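# Observations on chain architecture
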Amino acid sequence: MPPPMPMQMPPGEDSDAEFSDDENIPLNQDIYGGSRRSVQETKNWDVFRSLPPSTGSLSEDNQKFLDVTIKILKVVTYLLTFGVVLVSGVITKGLVLLMTSQLKSSKNVSVCSNRYSSLLNEKVFKASIPEEENVVWAWMLLFCFIVPEMGTWFRSTRMCVFKSWKKPFFGDFFWVWIFETFHALGTALLMYMVLPDLDVIKGAMLTNCVAFIPGLFGLLSRTKKESHVALKVIMDLVALACQLTGFVVWPIVEYGKDPNNYTVWVIPFAIFLTSFGWWENYVDRHSKFRIIKYFGGIKERLWKTRYFCYIFVSLWKCLIFFTMMVICMSTRLEHFSTIFELGDAFSAHKINYTEVRETISGNVIPDLNEVAPLNEVISIDSQPGTPIYVFLIQVLTAWLCYIFGKFACKICIQGFSFAFPVNLTIPVSISLLITACGLRYENVCTFAYMPAYLFWECKDGDILIDFLNNDYAWIWLFWLLSQTWITLHIWTPKCERLASTEKLFVSPMYNSLLIDQSLALNRRRDDEGDVKTEELNLNPDEHENEVSQYYETISIHTDSSNTNASKTKSSDHIVRIYATATMWHENEEEMMEMLKSILRMDEDQSARRVAQKYLKIVDLDYYEFETHIFFDDAFEISDENEDENVVNQFVKLLVTLMDDAATHVHQTNIRIRPPKKFPTPYGGRLVWTLPGKTKIVAHLKDKSKIRHKKRWSQVMYMYYLLGFKLMDQPISVDRKEVIAENTFLLTLDGDIDFTPNAVALLVDLMKKNTNLGAACGRIHPVGSGLMVWYQMFEYAIGHWLQKATEHMIGCVLCSPGCFSLFRGKALMDDNVMAKYTTKSSQARHYVQYDQGEDRWLCTLLLQRGYRVEYSAASDAYTHAPEGFSEFYNQRRRWVPSTMANIMDLLQDYKRTVQVNDNISLPYIFYQTMLMAGTILGPGTIFLMLVGAFVAAFRIGNWLSFQYNIIPIFLFMIVCFTLNSNIQLVVAQILSASYALIMMAVIVGTTLQLGEDGIGSPSAIFLIALSGSFFIAACMHPQEFKCIIPGLLYLLSIPSMYLLLIIYSLINLNNVSWGTREIATKKTKKELEAERKAAEEAKKMKKKEGFLGFLHRDNSADEDEGSLEFSFAGLFKLMCCVHPKPSNEQQQLASIANSLEILKKRFENIESHMGIQPSSRRRSTIQPRNSMRPDGNNSVNENLDDEFSDSESERSGPKEERDDLVNPYWMEDKALKRGEVDYMPGVEVQFFKDLIEKYLYPLDKNANEQKKVQEELKELRNIAVFSFSMMNAIFVLIVFLLQLNKDTIHIDWPLGVKTNITFIEETSEVLISQEYLQLEPIGLVFVFFFALILIIQFVAMLFHRFGTISHILASTELTCCNKKSEDVTEDAFIQRNAVDIVRQLQKLKGIEDDYDSDSANDGQLGRRKTIHNLARHAQKKQAIGTLDVAFKKRFFSISAEAAENGNVAETPVLGNMRRLSMRRETIKALAERRETVVQERRQSRMQTLGAKKPRTRTSIASEADNQRVFTPTGGSINNAYESDTEHLGGGSSIRSAMRYRNAEENVLYKP
């Protein structure tokens, strides 16, 4: 088999100038910009490979498991929503027409005589509808109108009371009042005057004519900026003409039949006034017409003033409708007062039935028109409940139609499940009404389920023929099509997923009398997307950003001269995500999962960027991404040189794992370019550029230079990313506001595992609600062992019930830092970021601030009015403690900090409720109940154990009390007196003992429940608890396995809710981290301190004891005597004492050392002055040609790289070190041969200022530490005493009540035992009832926990609905994107562009190595092992980027080859078929490719002719926009598509960099 052809450009295009950005460079070259050493030749003896594993991480596996299920569920949701909207809409429309049909005066209806026994079966009867029947249906129509208006009033009132509101201008309120009044008048006229006098078919058709004002305003709002505006204007005019015909057709037709019927001329006024109800949706402030522009301004202001207006407008509309009802019905009733006789109307009243007889004139058989009724009248009572039932059904179906329609819009299935059924409502209704009227005409007994006198107003005869011939059905089709054109926007929604009601509909509610028109016309007409493809500059090197330390993606050219400019840019709305991970002592497995997650984000971001750049699509989910890792205690003393620091083993592990993680993610052996190294004021920085061109920036913190621990790392990245990189930009304040609102910090732990989809779900929540300050996902514990199993159940119940409840009824109190998204604007608010820098000065600060930093940050956000939410669909996996001690130490931190933060929130509840719209008094009450349960939890568990011992072991209450109290007291004594390790051992022993006891207790409790019966409180509570857990698990099918360790959780209750609380409280004074604490090297400062302490201890030891007073002073060791006597070291006798002579050799050595130091300094000075030093010894320092922050170049030449470090140190002078120029750690070979660079001077100064003000190291002296420990112990004692007293009082009260239950008790009404006793002596039968006796406090607690359980269960159900909606909204059905639904393949690419790019940018297979992967060969005999190894030996281990891989495939596509299927002509097509590409899709891609080529040629011609400067705003990621520089002798990184023409023909990039650096030094010179 011949070797595969290398990827080439199509013939004739390989030399085109537009392919200068490396499309022609094969990936087996050094395209990544590294030195040649980074591409290594594979030796023949070392060709054996270790293929990357095919299995993904837990997050990926879980996502794959859900995909198929969710897609099936979405198909069901499509069909279900479509059916509910259509059916409920048709029922609502039919019931409204039924009610209006009952308002016709003197209405006679043919009835079925079989329905009533008083009517003869063989006779034909007609029913005369009395006025009481007209009145009751008129009121029902009023109530149907009022219900949604009351919903609007309630919603408006709630918003104004519990949320912020703004008072409207008088003019705005006036016009809203006028238009809504017109709408109410028109609707009332239509219902009470027009429809009752029309047959039901005409009435249904007429409802398609209420869109005249929306059509007119929409026409006047057209602008020239729209595409095909002339065609749209013509269509608008045609639609308006069709709507106008509805004003006159029925009046002319009906007036021709009955000239005395003047009410038909009310039709044009009714439908014209009704159409005013949807004016707001069709006005635009960009209109050329002043009045429309004015109304457009009102529309924009109504975003803030709507709810205040509608508090009054909704009530006014009800009043108007009621007034019009009275006026219109007075024309139909004989007496005006009848309308108010509700007692007669709503009660049973008489319906008169008269027999229809034939009147024969002569011998002629009469026609039906000659039939006359008899004078005899039979009265039968009406069914008074029928109008109520019809009203309730109409209200319910209208609400269902609105709710499911809104649901369809929220989850992005609007086209099929909203627009389609809404437009089908009238056609289906007319079809069903024609059928119903025809059946009724043929047989009046057809609809037996309806009252005989109740039916629609139908024509007699052949209904269908009459509809087609006489009712002008063809005109109705024009009305329907014109309404469809005016509401065409509902077919092409552009809103985001899970959009709020305000974004979906203009008015928050609906008009139930015109439900389909209300939904269609009220659905907002979405504007174009904020960002268009032509506004993006996704070519990384097409612009220069002069201020590199700011956002690389934000153009500052237009604002640099005028920072007060208020205009924002569309690119400012782009989502910017900073992943901020804090790392400390993570192991290899944990680091690998985090890096794989980051690389998946890099791959996803690259696909979205490339799709917009080359396929010219607008991706609403596009984001920019950058990762920042903050390493605490990243340095340790070097083994070779104790005076210098090097990075520790964990940093080296991170560097080593980078290539392995990339290999796992991309499923091919690749290497990431070595990190660029920066010296910084806080330690150091490593910067990787990933294959997708996003960056990982590892900030290596030296705790001797900057404050360490997690909270201070968070302060560091907040001030750096939000303060320095945002607020320090020379752009307008308005732009900063928009950017801050769309900048998010993704906080991560160093062991987290997540997918891009999980992040996208959190971003969706942020987009949905701009007041959302933070959002967290579902955290899954990972690991093995019993402790992890316990945590699986605990995490599941905590998320399923507690977090879901907090989300639904208030706010989530803690968004964990392991995986949460924080809004930059929220963190930058007052009393958040600045207060977060508070240094712990009191004992409670150490508990609240440092032990639970994530919870405290969320508390600050809540107290500033921001909301915190929980997304159950956003899954992340974190490593949980696997050992008992580690788990207890983790919870020892969490328990006190959680209680401290909740108590802080509850104590300040009044201000929090006032400031935060999402926190109410009921929510505060709920949290108070939980806090009370937490505080009294140990006492409750203790009482449970006492009662369980009694039931299980058949012992007395007091004996059981003693058995349980003794271990508790012993454990408390151990915790107070012994060290932490012994405490944990004791806790572990007690936990195991309690687990065995709990098993016996479970058996005993089961027996007790058998005696007490299923109706006992304990049985009810246990069944409810286990049932709620089981249902919750069923509601989370992918997490159902988490309920399996429930038994283990039950056995661990005494340990976790009793022993753990005691351990946490008594160790409150221990503020150490407790987890991942391993032995590390001590710093130089710590070693020096230990040395001094040892010397002090030695001196103090000499002074201690009985013979200590014999020492004269500390200088005794410096004296000696002529005669000395000593006895076993006990004493020493010196005669003729004199000072010791100084050692001359020591003095000479000291002088020589000083001379050596002077010599080195002189040599240094000579080297800087350019004087050749006398010594020819060579330095070991690697060549360095880089720029110092002060602008001076630091040059160190190296003649021989292989010269050993040890030999250099012996033969040459020691190099002078500067931590900001040439720190020792950068020369560590473990960090690889990465480039050395320096931060700009302004950034260096920023970190110096930040450290000086907020992050200077906390070096506490012994006195301060002792004081803090004493304060912590005092706080511990207070907490333990308060906690113990409250539980002791509670236990004592309940226990004493339990002992005296016979005296003080409450009889439980359920589970009563009936005892029957027969007395033989007296032959009497005694029947007695035995009630379960409950003590009052115990009963209160049962109801207390039951109430919490009910609240959490109901909230969980609502939250699950929201979560499922979110998942469905984020799921795309590929089966719905087939060719049959698209006019062209272009639409298919538009919808699936990101997925197509994901396939085309895969690094795996870029060198035609699909078949060489032996892992895919299923059968052993078919493997060509030796051929594959030989083939692999011929390749070079290249380093590639994703966009280069995409371009190699994309620009190799040939339209002719795609059409003919000629793989030989375009070899990459064979690979694409493996990537599931269809021939039509490849052809469409080829057309896109030709378009891109033409555009780039034109752009290049304009650039060469200097006709148009490049000033487009860039929104590409920071990694996309930076130039990648290589050391001297290297090459430009072609993978980054650099165009050196921008720098001029003669200037080099290096010169430009030096020039920019010189400018910075002028600007920022200190």
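Since this is a predicted model, take the numbers as computed values, not measurements.

Procedures and definitions
Residues numbered from 1 in each chain as written. Predicted model: local features only at pLDDT ≥ 70, side-chain atom pairs only at ≥ 80, totals over all residues. Heavy atoms only, no water. Helix = DSSP H or I, 4+ residues; strand = E, 2+ residues; numbered from the N terminus. Buried < 20%, exposed > 50% of the residue type's maximum accessible area, 1.4 Å probe, protein only. Contact = heavy atoms within 4.5 Å. Pairing = 2+ DSSP bridges. Patch = residues over 30% accessible without salt bridge, like charges linked within 9 Å, V, L, I, M, F, W, Y side chains within 5 Å. Areas by Shrake-Rupley, 256 points an atom, 1.4 Å probe, with all protein chains shown as cover. Salt bridge = Lys/Arg side-chain N within 4 Å of Asp/Glu carboxyl O. Lys, Arg positive; Asp, Glu negative; His and termini not counted. Charge placed at Lys NZ, Arg CZ, Asp CG, Glu CD. Polar contact = N/O pair within 3.5 Å; in protein donor to acceptor, adjacent residues only side chain to side chain. Core = buried A, V, L, I, M, F, W, Y, C linked by side-chain atoms within 4.5 Å. Disulfide = S-S within 2.5 Å. Axes fitted to C-alpha atoms, helices over the stretch in contact; angles between N-to-C directions. Parallel < 35°, antiparallel > 145°, perpendicular 65-115°, else oblique. Left-handed = near helix turned anticlockwise from the far one by under 90°.

### Observations regarding the environment of Val832
Relative to the helices and strands, Val832 resides in the loop between helix H22 (824–827) and helix H23 (833–836). On the basis of relative accessibility, which here comes to 0%, the residue Val832 falls in the buried class. For the pair Val832 and Arg864, spaced 32 residues apart in sequence, the C-alpha to C-alpha distance is 7.7 Å. With sequence-adjacent residues up to four places away left out, Val832 is seen in contact with Ala826, Leu827, Leu857, Leu860, Leu861 and Arg864.

### Structural notes on the pairing of strand E11 (residues 695–701)
With respect to burial, E11 is a largely interior element, seven of its seven residues being buried. Pairing analysis gives five bridges linking strand E6 (residues 623–631) to E11, with the strands arranged parallel. Bridge assignment links Phe631 to a residue of E11, and that residue is Leu700. The hairpin turn running from strand E10 (residues 683–689) into E11, its antiparallel successor, is five residues long, and Lys693 in that turn takes a positive phi close to 75°.

### Things to note about a negative patch on the surface
A contiguous patch of negative charge, built from Glu588, Glu589, Asp660, Glu882 and Glu886, is present on the exposed surface. By the secondary structure assignment, Glu588 is in helix H16 (residues 588–614). For Glu588, a relative accessible area of 46% translates into the label partly exposed.

### Points about the side chain of Asn134
Residue position: Asn134 is located in helix H2 (residues 131–162). In terms of polar contacts, Asn134 uses its side chain to reach the backbone carbonyl oxygen of Gln102, at 2.4 Å.

### So, the nonpolar core
The tendency in soluble globular proteins is for nonpolar side chains to be buried as a group. Counting residues in each nonpolar core, the largest one holds 120 residues, and the members touching the most others are Leu827 and Tyr888. If near-sequence neighbours (up to four positions away) are discounted, Leu827 is found in contact with Met718, Leu722, Leu745, Phe822, Val832, Met833, Leu857 and Leu861. Counting residues in hydrophobic clusters, the runner-up holds 110 residues, among them Val136, Met193, Phe321 and Trp479.

### Regarding a nonpolar patch on the surface
Among the surface-exposed residues, Val68, Ile72, Leu73, Val76, Leu80 and Ile1364 lie close enough to one another that they form a single nonpolar patch of about 510 Å² accessible area. Residue contributions to the nonpolar patch peak at five residues, all from helix H1 (residues 58–101). Looking at the secondary structure, you find Ile1364 in helix H40 (residues 1336–1369). Judged by relative accessible area, Ile1364 falls into the partly exposed class, the value being 31%.

### A few points about the environment of Leu98
Mapped onto the fold, Leu98 is located in helix H1. The spacing of Leu98 and Glu457 is 359 residues in sequence and 7.8 Å in space, taken between C-alpha atoms. The contact partners of Leu98, leaving out residues within four places of it in the chain, are Met450, Leu454, Phe455 and Trp456.

### Quick look at the state of the cysteines
If you walk through the whole model with that rule in mind, you get one disulfide. Residue pairing for Cys437: its cysteine sulfur links by disulfide to Cys458, the two sulfurs lying 1.9 Å apart. Across the disulfide from Cys437 to Cys458, rotation about the S-S bond amounts to roughly -50°, and the bridge is consequently left-handed. With Cys437 in helix H11 (residues 414–442) and Cys458 in the loop between H11 and helix H12 (463–469), the pair connects residues that are 21 residues apart, well separated along the chain. With no disulfide of its own, Cys776 has Cys858 as its nearest cysteine by sulfur position, at a separation of 7.6 Å. Residue Cys776 is classed as buried on the basis of its relative accessible area of 0%.

### Points about the pattern of salt bridges
One pass over the full model with this rule turns up 44 salt bridges. One salt bridge in this structure joins Asp1237 and Lys676, with 3.8 Å as the shortest N-O distance. Remark: Lys676 occurs in strand E9 (residues 676–680) and Asp1237 occurs in the loop between helix H37 (1205–1211) and helix H38 (1241–1255); sequence separation between them is 561 residues. Classification of Asp1237 as buried rests on a relative accessible area of 11%. Take Lys676: its relative accessible area is 16%, and that puts it in the buried class.

### Let's talk about the packing of helix H28 (residues 921–935) against H40
It is the contact of H28 with H40, at a shortest axis distance of 11 Å, that shows an interaxial angle of 130°. Regarding the angle of H28 to H40, the classification is oblique. Helix-helix and strand crossings are classified by hand; for H28 and H40 the assignment is left-handed. Note on element contacts: H40 touches H28 through Phe1344, Leu1347, Ile1348, Ile1351 and Gln1352, opposite Tyr926, Met929, Leu930 and Gly933.

### Some points on the sheet that holds E10
Within the open sheet, the 10 strands sit side by side as E9-E10-E11-E6-E5-E12-E15-E14-E16-E13. Their pairing is mixed. The sheet is open, and its two borders are formed by E9 and strand E13 (753–754), each paired with just one other strand. Here strand E5 (residues 575–583) runs beside E6; their pairing, made up of nine bridges, is parallel. Bridged to Tyr578 within E6 is Glu626. Contacting strand E14 (772–782) and strand E16 (867–879), helix H21 (residues 786–809) crosses the sheet at an angle of about 155° to E14.

Interpretation in functional terms is not warranted from these geometric data alone.
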